[in-house]
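Chains, contacts and geometry: an overview
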Amino acid sequence: MKKLINKLYENRVLEPEEFKELIGNRSPELSEYLFEKARELGIQNYGDDVYIRGLIEFTNYCKNDCYYCGIRKSNSKAERYRLTKEQILQCCEVGYKLGFRTYVLQGGEDGYYTDERMINIIQSIKQNHPDCAITLSLGEKSCETYKAFFDAGADRYLLRHETANEEHYGRLHPSQMSLQNRKQCLYHLKEIGYQVGCGFMVGSPYQTTDCLVEDLLFIKELNPHMVGIGPFIPHHDTPFADEEAGPLELTLFLLGIIRLMLPSVLLPATTALGTINPRGRELGILAGANVVMPNLSPTDVRSKYLLYDNKICTGDEAAECRYCMQKRMESIGYHVAVSRGDHKAMDKSIFKESSY
């Protein structure tokens, strides 16, 4: 198995059967060998910097009905909210003073935020903070809409594909949603010029090792700038309420594999990791990740943006999240960089980096 890890380290890809064999034969010893290689590549590309993104969850309305998601349209028990433009700008202002140089605007697919409204919000953030990057995570849009947001100043776009297997996708989503369309959106985003992120849930219902192999091969083909993976965690008001959460050790193993496949990728240690294990985010960094996303949303809405149960940090103030994260990263030998944290291939030298 170590030979397969060495081959992946050298060649950046394995044959499908080799990926399957590697995942199927993982062990604590093999994982540690993989993580050492992953950390080596991460440090070669980004040093011991961990990039922070300020997450602003600005709406939990969504037109979609994904079976795993707590803010799905059919969940009548969800307490819905929308942030105003002024509230979003205030979150950015607070974040800027705390050292955030990337804002992640994340929300359900909410028709209230028309292209015109979103363009105005994006332009206002850029006007107030021209040295900051804006990442959008707003789901599936038309190519024209993506282009309009990019022209307004958006830099990055996160769109997790969730699974690259057609049959599996159909078991996680209603029939009106299409994996083909989701993938096409990712290619449109790359063509426009965004730094693009895809990703998937680990341990979601009906997922097999073959599904995971397809995910890895799709990621290799897409060659994104960012990959967000995290364990599936059930939500009590969804059809998957009684399903088991995805395993921590498999999620970490896949983080290591992705770092070896894409050495310069921006790879978050997600909030979901921290939810299933108190040290989940630290373990994610030690497995090859190099991004964390503390929450900048107002505290009175955090518990309402509940994609899954037991989400952490729902009551913390932004400063608490920020400095807690700094201490966590320092405890494992990394440090939080005050920087836009662009993908290495797209780093803008005009943005001077500093660090706390």
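Each remark here, short or long, concerns the structure printed above.
A brief look at the structure comes next. Treat the numbers as computed from the prediction; the structure is a model and nothing was measured.

Turning our eyes to something else, we now look at the overall build of the protein. Regarding its fold elements, the protein presents 14 helices and twelve strands. Computed over the C-alpha atoms, the radius of gyration of the protein is 19 Å, within 12% of the 21 Å expected from 2.2 N^0.38 for a compact globule of 356 residues. Here the protein holds 356 residues, and 58% of them are scored as buried. Taking the intrachain contacts of the protein between residues at least 6 apart in sequence as the baseline, contacts between residues at least 24 apart amount to 74%. Approximately 14,300 Å² of the protein is accessible, and the part contributed by carbon and sulfur atoms is 48%.

Let's shift gears to the pattern of salt bridges. What the rule picks out here adds up to 20 salt bridges. For Lys 20, the salt bridge identified is with Asp 210, shortest N-O distance 3.2 Å. In this pair, Lys 20 sits in helix 2 (residues 16-24) while Asp 210 sits in helix 9 (residues 209-222), placing the two residues 190 residues apart along the sequence. What makes Lys 20 partly exposed here is its relative accessible area of 31%. Sharing partners across several salt bridges, the network here consists of Lys 126, Asp 155, Arg 156, Arg 340 and Asp 342.

One broad rule of soluble globular proteins: the nonpolar side chains tend to lie buried together. Grouped together as the largest cluster of nonpolar side chains are 100 residues, with contacts concentrated most on Leu 136, Leu 254 and Ile 257. Among the nonpolar cores identified, the runner-up in size contains nine residues, and Leu 55, Val 104, Leu 158 and Met 226 belong to it.

Another aspect to go through is the pairing of strand 2 (residues 54-59). The buried fraction of strand 2 is high, at six of six residues. Of the pairings in the sheet, the one linking strand 2 to strand 3 (residues 102-107) comprises five bridges and is parallel in character. For Thr 59, the partnering residue across the bridge sits in strand 3 and is Gly 107. Chirality of the crossover, the property in question, places the unit of strand 2, helix 4 (residues 85-97) and strand 3 among those that are right-handed.

So, how was this worked out
- Residues numbered from 1 in each chain as written.
- Predicted model: local features only at pLDDT ≥ 70, side-chain atom pairs only at ≥ 80, totals over all residues.
- Heavy atoms only, no water.
- Helix = DSSP H or I, 4+ residues; strand = E, 2+ residues; numbered from the N terminus.
- Rg over C-alpha atoms; globule rule 2.2 N^0.38 Å.
- Buried < 20%, exposed > 50% of the residue type's maximum accessible area, 1.4 Å probe, protein only.
- Contact = heavy atoms within 4.5 Å.
- Areas by Shrake-Rupley, 256 points an atom, 1.4 Å probe, with all protein chains shown as cover.
- Salt bridge = Lys/Arg side-chain N within 4 Å of Asp/Glu carboxyl O.
- Core = buried A, V, L, I, M, F, W, Y, C linked by side-chain atoms within 4.5 Å.
- Pairing = 2+ DSSP bridges.
- Right-handed = clockwise from strand over helix to strand, strands pointing away.

Keep in mind that these numbers describe shape and distance, not what the molecule does.
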